[in-house]
Each structure stands twice: as C-alpha cells, then as structure tokens.
Amino acid sequence: MIKAIIFDFDGTILDSESSCVQGWEEVYAPFGVPFPNELWAQNIGTIDLFDPVAYLAEQAGQTLDGAAIHTEATRRHHALLAERPPLPGARERIAEAQALGLKLGIASSSSSSWVNFYLPRLGLLYDFGVVRGRDDVGGKRKPDPAVYVAACAGLGVAPGEALALEDSRNGVLAAKEAGMFCTAVPNAQTRHMDFSEADMVVASLTAVSLAEMIATLSVPSGKGMPSPSSGTRAGRRNTA
C-alpha cells in the first residue's frame, strides 16, 4: 500500500535543468562554441562528471578564468529560475496526494538549503513533511539511494510504501535501489535517458494522476504488493 509520495526537485518540481543549460549556452555563445547537451546530461541528478569550463577552454583554444565563467553562468541560471513557476502538474499532484491522505517528501541530489530556498517562491513551503538533500546524507548523490532512504525515514514509512517521482535515470536508480516504486517523468533534458528500471514512465505530471499511477502498482486482492526491487514491473506503463 502506497503511503507516501516523494518528489525529486530539480527537473521534477522546478525546471532548473533547462535554465542551467540556457545559462551555459549564453556563456558559450560569444566564443562560437555550441554547448554540448549530451555531455552535460551526465551531470543531471548526480555528481559533476562533465566540466563545462574545461570543455569550453579546449574547444575555444583559450585559457579562461574558470571562476568568472562559472559565476556568470550561475548568475544567468538563477535569473531565469527567479521567473519560473512549478513544472506543469506539480501543484496538481501535490494537491492530489494531500486529498488522498498521502505523506509528501522531497529527496534531492541538490542541498536541502537549495530546495528550501525555492519552495517559498513556488508557494510550496508548507506542503512537504520532509526535505532531504545531499547535505543530509554526507554528500551522497543519486544514484546512491541514501537520500531516498533518509526521506522515507523522515516520513515514517518503509521504502516499499513510497512512490518516487523522478526525471532522471540516476534518480530512478536511486529510488529503486532504496526499495521504492518509481514513476519516471522525463523532461526536455532527460527524454533521451534509459528509464527501463522505472515502474512507469509518463510524459508529464499532467498526463496521469497519482491514483492512476498507484493503480498500476496494484495487484489482485490477496496477492500482496510486488516487491519494488524484485525486477518485475507491475502493470508497467509508458505514456511518454
């Protein structure tokens, strides 16, 4: 029985991923170097595997002030974020969870301070019972399951009683390793990723209700719930 919904934050509630890419694209433009989205995607939801400054310096054939480049990209990224509402369907799914009596949490590879900074701006400050970020689990980021395990513990539910909503492959892997069910909600930056481990893949949070998601995880009465880590896909559905 699902008792809690745990959201990823970046790319699931707030479109911080495309604004980050746009910030880097604007910084790259004066150098005449296209920003490599396919390389950047390695960083989504986890540690930084790709260094955009080192790549720019190599492609431009110049020695660059890395700190200044990072500062400018971050400035543009944050300016874009200040104007962005929650992603389509996020408010509706939060309200639905509350109406269904489900507990709500956030589990992010970002810091909890980053998430808590934006929740009031999005009008979501009081909607979540717990917010857990990498700083709450010793700096561990997805696909490590620690942040999801911590979020479940904070809500007082077993991982097998929680459904994660994720936009990245690293996030899906983290949720499944924690022992949770997971619905993948790809966005423009993550649609190319492999979401085969997810229990369900949906085009957006407006496409399918929580009730429908949970129904796909249900099995006939008396059979019990399938183990989220068993490798089976109860009613697996792809609406993307």
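Note that the structure is a prediction, hence the values are computed from the model and not measured. (Residues numbered from 1 in each chain as written. Predicted model: local features only at pLDDT ≥ 70, side-chain atom pairs only at ≥ 80, totals over all residues. Heavy atoms only, no water.)

Novice: Please explain the overall build of the protein as it appears in this structure.
Specialist: Tallying secondary structure elements over the protein gives nine helices and seven strands in all. Counting every position in the protein, which comprises 240 residues, the buried fraction comes to 52%. Of the contacts formed within the protein by residues at least 6 apart in sequence, a portion of 66% connects residues at least 24 apart. (Helix = DSSP H or I, 4+ residues; strand = E, 2+ residues; numbered from the N terminus. Buried < 20%, exposed > 50% of the residue type's maximum accessible area, 1.4 Å probe, protein only. Contact = heavy atoms within 4.5 Å.)

Novice: Explain the confidence of the model for the protein here, please?
Specialist: Low pLDDT means the predicted coordinates in that region are not meant to be read closely. In the predicted model, the protein carries a mean pLDDT of 89, and the fraction of residues at 70 or more is 89%. In the model, residues 219-235 has pLDDT below 50 throughout and makes 26 contacts with residues more than four positions away in sequence or in other chains. (pLDDT = per-residue confidence, 0-100.)

Novice: Help me understand the pairing of strand E1 (residues 4-7), please; the structure alone is not making it clear to me.
Specialist: Looking down a regular strand, the side chains alternate between one sheet face and the other. Burial along E1 is two-sided: the residues Ala4 and Ile6 and Ile5 and Phe7 are all buried. Where E1 lies against strand E4 (residues 162-166), four bridges are found, and the strand directions are parallel. Looking at the pairing, Ile6 lines up with Ala164 of E4. (Pairing = 2+ DSSP bridges.)

Novice: Looking at this structure, I do not really get the pattern of salt bridges. What am I missing?
Specialist: When the charged atoms of two side chains with opposite charge come close together, those side chains can pair. Counting across every chain of the model gives 11 salt bridges. Here Asp194 and Arg169 are joined by a salt bridge, their closest N and O atoms 3.5 Å apart. Within this pair, whereas Asp194 is found in the loop between strand E5 (181-184) and strand E6 (200-201), its partner Arg169 is found in helix H8 (residues 169-178), the two being separated by 25 residues in sequence. A salt bridge links Glu197 to Arg169; its shortest N-O distance comes to 2.6 Å. One end of the pair, Glu197, is in the loop between E5 and E6; the other, Arg169, is in helix H8, with 28 residues separating them in the sequence. A residue is classified by how much of its surface remains accessible, and Glu197, at 21% relative accessible area, is partly exposed. Bridged by salt links that share partners, the residues Glu26, Glu72, Arg75 and Arg76 form one connected network. (Salt bridge = Lys/Arg side-chain N within 4 Å of Asp/Glu carboxyl O.)

Novice: I would appreciate a short explanation of the packing of aromatic side chains in the present structure.
Specialist: Each pair of aromatic rings is reported with the distance of its centres and the angle of its planes. Scanning the entire structure with this criterion turns up nine aromatic pairs. Each ring, one from Tyr28 and one from Tyr55, has its centre 6.5 Å from the other, and the planes form 15°; the classification is stacked. Of this pair, Tyr28 sits in helix H1 (residues 16-28) while Tyr55 sits in helix H3 (residues 52-60); the two residues are 27 residues apart in sequence, bridging distant segments of the chain. Aromatic pair Phe35 and Trp40: ring centres 5.8 Å apart, planes at 55°, arrangement tilted. Trp40 carries the same exposure label as Phe35, and that label is buried. Taken together, the ring pairs connect Trp24, Tyr28, Phe35, Trp40, Phe50 and Tyr55 into an aromatic cluster. (Phe/Tyr/Trp six-rings, centres within 6.5 Å; stacked < 30°, edge-to-face > 60°.)

Novice: What's the story with helix H4 (residues 66-81) in this structure? I'm lost.
Specialist: Residue pairs three or four apart in sequence face the same way in an α-helix, which turns once every 3.6 residues. In this model, H4 (16 residues) spans 22 Å end to end at C-alpha, consistent with the 22 Å of a helix rising 1.5 Å per residue. Within the sequence span of H4, burial applies to Ile69, Ala73, His77, Leu80 and Leu81. Summarising the axial view, the buried residues of H4 lie within an arc of 105°, below the 170-degree limit, and thus occupy one face. Turned more than 90 degrees away from the buried face of H4, the exposed residues are Ala67 and Thr71. (Expected span 1.5 Å × (residues − 1). Arc of directions from axis to C-beta.)

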